[in-house]
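Residues per chain, in single letters:
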Amino acid sequence: MKIKLIQQAKLPTPWGEFIIIGFEETLKEKNHIALIYGNLNHKKPILVRIHSECLTGDALFSLRCDCGFQLKNALMMIAEQGNGILIYHRQEGRNIGLLNKIKAYNLQDCGLDTVEANHKLGFSSDERDFMICANILKLMNVYTINLLTNNPLKITMLNKYGIKIIDRINMNIQQNDQNTKYLNTKKNKMGHLIHNIK
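Criteria and cut-off values
- Numbering of residues begins from 1 in every chain and follows the order in which that chain's sequence is written.
- Where local features are concerned, this predicted model is filtered to residues with pLDDT of at least 70; where side-chain atom pairs are given and counted, the filter is 80 or more; whole-chain, interface and lining totals use all residues.
- Working from all heavy atoms in the structure, the side-chain values ignore hydrogens and water.
- In this text, helices come from DSSP runs of H or I with a minimum length of four residues, and strands from runs of E with a minimum of two, each type numbered from the N-terminal end.
- Atoms considered for the radius of gyration are the C-alpha atoms alone. The globule rule reads 2.2 Å times the number of residues to the power 0.38.
- Only protein chains enter the accessibility calculation, which uses a 1.4 Å probe; a residue is then buried when its area is under 20% of its type maximum, exposed when over 50%, and partly exposed in between.
- Residue contacts are counted whenever heavy atoms from the two residues lie within 4.5 Å of one another.
- Per-residue accessibility takes into account occlusion by the displayed protein chains alone, with areas from the Shrake-Rupley method and a 1.4 Å probe.
- When DSSP finds two or more bridges between a pair of strands, those strands are recorded as paired.
- Arc definition: it is the arc formed by the directions from the helix axis to the C-beta atoms.
- Here, a salt bridge means any Lys or Arg side-chain nitrogen found within 4 Å of an Asp or Glu carboxyl oxygen.

1. A closer look at the overall build of the protein chain
Part 1 of the reasoning: A tally of helices and strands in the protein chain yields 8 helices and 7 strands.
Part 2 of the reasoning: Relative to the compact-globule value of 16 Å for 198 residues, the protein chain shows a C-alpha radius of gyration of 17 Å, a close match.
Part 3 of the reasoning: Once the C-alpha set of the protein chain is aligned to its principal axes, its extents read approximately 50 × 40 × 30 Å.
Part 4 of the reasoning: Each of the 198 residues in the protein chain was classed as buried or not, and the buried ones make up 47%.
Part 5 of the reasoning: Within the protein chain, contacts between residues at least 6 apart in sequence are counted, and of these 58% link residues at least 24 apart.
Part 6 of the reasoning: Accessible area of the protein chain: about 10200 Å², with a carbon and sulfur share of 52%.

2. Considering the pairing of strand 1 (residues 3-13)
Part 1 of the reasoning: In the sheet, strand 1 pairs with strand 2 (residues 16-25) via 10 bridges, with the strands oriented antiparallel. The partner of L5 across the bridge, within strand 2, is F23.
Part 2 of the reasoning: Linking strand 1 to strand 2, which pair antiparallel, is a turn of 2 residues.

3. Some thoughts on helix 8 (residues 180-190)
Part 1 of the reasoning: Among the residues of helix 8, those classed as buried are Y182, L183, T185, K186 and M190. Along the axis of helix 8, the buried residues cluster in a sector spanning 155°; they form a single face.
Part 2 of the reasoning: With its phi angle positive at about 75°, G191 sits one or two positions after the end of helix 8.

4. Concerning the pattern of salt bridges
Part 1 of the reasoning: Per the counting criterion, the structure on display carries 8 salt bridges.
Part 2 of the reasoning: Salt-bridge contacts for K4 lead to E24; the nearest nitrogen and oxygen are separated by 4.0 Å. One end of the pair, K4, is in strand 1; the other, E24, is in strand 2, with 20 residues separating them in the sequence.
Part 3 of the reasoning: The class of K4 is partly exposed, set by a relative accessible area of 40%.
Part 4 of the reasoning: In this structure E24 comes out as partly exposed when scored by relative accessible area, which is 21%.
Part 5 of the reasoning: Between D66 and K186 there is a salt bridge, and its shortest N-O distance comes to 3.7 Å. Separated by 120 residues along the polypeptide, D66 in the loop between helix 1 (55-58) and helix 2 (67-81) and K186 in helix 8 bring together distant segments of the chain. Residue D66 shares its accessibility class with K186, and that shared class is buried.

The structure is reproduced here in structure tokens:
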């Protein structure tokens, strides 16, 4: 999976100034970004968050998930540490795409959970490919990281693609009346390391 760096620029945020870097998958012409904060010390594990695209949660404030909260929390944690990387992984809806995600939402409205809805639509529980994220890290000469995640699949896949994870740092969740079933499904069916669901 080939990828090339397109351009970078300053990105001021409420948590400080990041550098935004645009990447392109050369075969699929799909775009991804990395947000870098501070000066990266490549002699130490670098704090990294891989955040998969969620238009509904990140931009439209959906309460069906906790994605928007995790995005903001990760940026804040990176800024508080003084350096780190957030990769915005553009594989919407665990890589089933936005329109299929809306179809899955409809099935969830009818009583299915997120895994059951994906299966009903002919997809696996998680269609994402994290090779692209490993390749982005390698392009930035980052091979050893501390990973902000509750998802053991990310650890397994990044290790497989040559990224060494020294420490897993837990991501806090934001639970509400609308996303409790979603969070329980991630924990009980997908093995996410979530411990504080009420």
